[in-house]
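# Geometric and topological summary
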2 protein chains.
Amino acid sequence: MKNIFNLTQTLKNLFMSESKRLFNFSAGPAVLPIPVLERAQRELLCLPNAGASVMEISHRSKEFEPIIQGAGSNIRKLLNIPESYDVLFVQGGALLQFAMIPMNLLMGGTANYVVTGAWSKKALSEAKLVGNTRTIWDGNDTGYRRKPSDEELDIANDSAYVYICSNETIEGVQYQVFPNTNGIPLVCDASSDIFCRPLDVTKFGLIYACAQKNLGPAGVTVVIIRRDLLERSAVSVPSLLNYKKISEAASMLNTPPCFAIYIVKLVTDWLLNDIGGLDKMHEINKEKAALLYSAIDNSDGYYKTHADKKFRSIMNIPFRLPSEELDKKFLNSAKEAGLVTLGGHRSVGGLRASIYNAMPREGVATLRDFMLEFVKNNPYNRHS
Amino acid sequence: MKNIFNLTQTLKNLFMSESKRLFNFSAGPAVLPIPVLERAQRELLCLPNAGASVMEISHRSKEFEPIIQGAGSNIRKLLNIPESYDVLFVQGGALLQFAMIPMNLLMGGTANYVVTGAWSKKALSEAKLVGNTRTIWDGNDTGYRRKPSDEELDIANDSAYVYICSNETIEGVQYQVFPNTNGIPLVCDASSDIFCRPLDVTKFGLIYACAQKNLGPAGVTVVIIRRDLLERSAVSVPSLLNYKKISEAASMLNTPPCFAIYIVKLVTDWLLNDIGGLDKMHEINKEKAALLYSAIDNSDGYYKTHADKKFRSIMNIPFRLPSEELDKKFLNSAKEAGLVTLGGHRSVGGLRASIYNAMPREGVATLRDFMLEFVKNNPYNRHS
């Protein structure tokens, strides 16, 4: 029996190493569901019936076709996407979308940008390289703690589109109700909160999300675009930057990032089959976020978060302790307790817990318990 | 003992499945080295000391930094790249390079294109969307069986660059000696033959290669660029398409395709440590190619390949049998023998053996034996 035990341990160490996994609160690339990683691991040398790894087969093979098509149809099912929208897989992350959106949709016109944090600001600065933009709201004066109301948005009637970021990861600010743009196409960066809750796609002209938060690994970006907007893409826009050409080629103008798409397929399988869809996912996410926000709210001001209550993100929770010294101590002690990558974005410091779909409730509860314990052991008056 | 054996088998089936692997002659995405896949499999749930998968950690983490830097320095070592060149990791494959090259390097000028097959032709047609081009040689009249000599190239003195494709995968035509461009920057698509042999980088202004042949999985592209050419990138070129900005950000303007870069790191480790560098790799590749070409040349015209002898590719060997019927029979019988994806490109048909770096000699020898056997069992006169 001892031999069998040793063998099991050896093989487990060799093949799995999951015993060393920690609770990883990274803002992205971020935690993936364990069943997804385990399946990818099992199939890494040989995709069933392919005779090779998913990294080694043609994107036009009969083995890869059901993967890219399955990923697309899973996304359609999860968000209940009507036929009037296409789902595209592209490369380049959000930063390339920042440029592709005006390259394809502007047609010499002007776009309206709503700046609610670092990511929408960056999107605006890229768009300026491509064409005409107008900032119709900027939350800079109030420290990017909230989203604007419809009344605050002065949308020009001839605007090519209105651009928003659904969830700002650095500030932890998330739209609860999306703006009404009176028929002007609403373009939404949903990179950090796609699939965290149900979404009425018909309110948008274009929604995109890079994969490395709720979808899969870095290297693939999903674009959901209303088909009539495809007609805006000029033939002169280079093929791989041209939504229309990408759509016509079913996202295979050239070799797509097959492995990343394969993981997206597995993640969306997990959302549909293990979780049970986005209503369920939303319930779980709200519950997880409430664990941390209640620890913050009940700490008598020991923990402070950034966003106004109404706009708190259920994906990214930036917070601070009474001093930078305590921030640092928290970060280091948390790491020792197996709670890692809790540092805030390098531009703002402090702490941040990113609790995407794949972060298990257990991880969040462990962090909450750690936070409660930390207050007890590190009262503020001792350090003030 | 039986229990241990069963357990081993069960775990092996669960985790490895490599027993089902076949000899895969795919033109790309293509075969990867087994030690690379095995290591990626072992580490898939937990990169050593990271507490998470390489897909789940920040690209700016101390765990990912040595991966991207290691991949870069491996590439430098393998090709002996001087400091006057930068090595960039980008997304979008060759198709995006087709556009990025003129977007960055043209500066309103005209580029000279050498068309030696399907890929250089496609590069030209994308470049035409961006700016002015001139075709200085086109092998169409002679069926793309060879590369031009320097005497045939009428390079304009004010050309922004001269564009070539090192190895045409569809036609199986490869440069043996690269053109002398008299100081005009030579831009080379080396997607399908990078690292197949040593290369004097100093002869080029820019060399690029998408990963999915000799480098890693689809989703990352390596660009080797002479630093003075970075100054050509206009500030108006969107960031993720801008070589200069990418260089300044050390390929991390945004989240790079981390998993694909991780595999590139492992593949280049394998080339350096297991193979022993590009001279050794070249010897092995020449030997593998000779196995197939000799079977073709000694078949009394039963097998015919496309390229003129002097320009035969050591990476992609397209060939045909005396009839389409025999082509089909060969393809099916080979598949039954575990030799898969030997079909020619969908645009030309026939057969094609892609024998990239990671294709083991054993696979090529098995194919050679199969070819010899097939001639015996399927003499042409029976079918004519």
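Residues numbered from 1 in each chain as written. Chains lettered and ligands numbered in written order. Predicted model: local features only at pLDDT ≥ 70, side-chain atom pairs only at ≥ 80, totals over all residues. Heavy atoms only, no water.

Within chain A, the secondary structure is distributed over twelve helices and 14 strands. Relative to a compact globule of 384 residues, whose C-alpha radius of gyration would be 21 Å, chain A shows 22 Å and is just as compact. The proportion of buried residues among the 384 residues of chain A is 62%. Pairs at least 24 residues apart make up 66% of the contacts formed inside chain A by residues separated by at least 6 positions. Of the accessible surface of chain A, which amounts to about 14,800 Å², a share of 50% is contributed by carbon and sulfur atoms. Put simply, chain A has 43 plus and 39 minus side-chain charges, and the middle of one group is 4 Å from the middle of the other. (Helix = DSSP H or I, 4+ residues; strand = E, 2+ residues; numbered from the N terminus. Rg over C-alpha atoms; globule rule 2.2 N^0.38 Å. Buried < 20%, exposed > 50% of the residue type's maximum accessible area, 1.4 Å probe, protein only. Contact = heavy atoms within 4.5 Å. Areas by Shrake-Rupley, 256 points an atom, 1.4 Å probe, with all protein chains shown as cover. Lys, Arg positive; Asp, Glu negative; His and termini not counted. Charge placed at Lys NZ, Arg CZ, Asp CG, Glu CD.)

On to the sheet that holds strand β14 (residues 351–354) of chain B. All names here are of chain B. The three strands lie next to each other as β11-β12-β14, forming an open sheet whose pairing is antiparallel. Taken across any chain shown, the strands that pair with only one partner, and hence form the sheet edges, are β11 (304–305) and β14. Note that strand β12 (residues 316–320) and β14 share four bridges and pair antiparallel. Residue I317 lies in a different strand from β14, and its bridge partner there is A353. (Pairing = 2+ DSSP bridges.)

What follows is about the packing of helix α3 (residues 65–79) of chain B against helix α8 (residues 258–275) of chain B. Residue and element names in this part refer to chain B. The interhelical angle for the contact between α3 and α8, taken along N-to-C directions, is 40°, at an axis separation of 8 Å. On the basis of their axis angle, the class for α3 and α8 is oblique. Crossing hand, α3 versus α8: left-handed. On α8, the residues that touch P66, I67, I68, G70, A71, N74, I75, K77 and L78 of α3 are I261, Y262, V264, K265, T268, D269, L271 and L272. (Axes fitted to C-alpha atoms, helices over the stretch in contact; angles between N-to-C directions. Parallel < 35°, antiparallel > 145°, perpendicular 65-115°, else oblique. Left-handed = near helix turned anticlockwise from the far one by under 90°.)

So, about the interface of chain B and chain A. Interfaces are often sized by the amount of accessible area the parts lose when they come together. Contact with chain B, which involves 72 residues of that partner, is made by 72 residues of chain A. Taken over both partners, the interface formed by chain B and chain A buries close to 5,800 Å², and the fraction arising from carbon and sulfur atoms is 65%. If you look at where chain B meets chain A, you find two salt bridges. A salt bridge links R21 of chain B to E56 of chain A, with the shortest nitrogen-to-oxygen separation between them at 2.8 Å. There are 19 residue pairs in polar contact (both at pLDDT 80 or more) connecting chain B and chain A. Sorting the residues of the side of chain B that touches chain A by element identifies α1 (2–15), α2 (34–42), α4 (93–105), α5 (118–130) and α8 of chain B as the ones contributing at least two each. Counting residues per element, the side of chain B that touches chain A draws most heavily on α1 of chain B, which supplies seven residues. (Buried area = accessible area lost by both parts, 1.4 Å probe. Salt bridge = Lys/Arg side-chain N within 4 Å of Asp/Glu carboxyl O. Polar contact = N/O pair within 3.5 Å; in protein donor to acceptor, adjacent residues only side chain to side chain.)

Under the fitted operation, chain B is carried onto chain A by 0.0 Å of movement along the axis and a turn of 180°, and the coordinates agree to an RMSD of 0.0 Å. Such a turn and shift between the copies fits a two-fold axis. A share of 100% of interface residues in chain B that are also interface residues in chain A marks the association as one of identical surfaces. (Least-squares fit on C-alpha atoms with pLDDT ≥ 70 in both.)

All names here are of chain A. The domain boundaries assigned to chain A delineate domain 1 (2–32 + 276–377) and domain 2 (42–274). The C-alpha centroid of domain 2 is placed 26 Å from the C-alpha centroid of domain 1. Taken together, the contact pairs 31 residues of domain 1 with 34 residues of domain 2. A per-residue breakdown of the area domain 1 buries against domain 2 is headed by L278, H306 and F311, which together make up 28% of the total. For the interface between domain 1 and domain 2, the tally reads 19 residue pairs in polar contact (both at pLDDT 80 or more). Listed by contribution, the elements that provide at least two residues to the side of domain 1 that touches domain 2 are α9 (278–297) and β12 (316–320). (Domains from an automatic or database assignment.)

Turning our attention to the environment of I57 of chain A. Examined against the element boundaries, I57 of chain A turns out to sit in the loop between α2 (34–42) and α3 (65–79). In the structure, I57 of chain A is positioned 201 residues away from C258 of chain A in sequence and 8.9 Å away in space, judged by C-alpha atoms. Residue contacts for I57 of chain A: discarding those within four places in its chain leaves L47, A50, A52, E63 and F64 of chain A together with P29 of chain B.

Turning our attention to the pairing of strand β8 (residues 186–189) of chain A. Residue and element names in this part refer to chain A. Of the two faces of β8, the one carrying L186 and C188 and the one carrying V187 and D189 are both buried. Here strand β5 (residues 159–165) pairs with β8 via four bridges, running parallel. In the strand pairing of β8, I164 is matched with C188. Direction of pairing for β8 relative to strand β9 (residues 206–210): parallel, over a ladder of three bridges. By the bridge assignment for β9, D189 is matched with Y208.

Before going further, it helps to examine the pairing of strand β4 (residues 132–138) of chain B. All names here are of chain B. Note: strand β3 (residues 110–115) against β4, six bridges, orientation parallel. Opposite V115, over in β4, you have D138 as the bridge partner. Taken together, β3, α5 and β4 constitute a β-α-β crossover, and its handedness is right-handed. (Right-handed = clockwise from strand over helix to strand, strands pointing away.)

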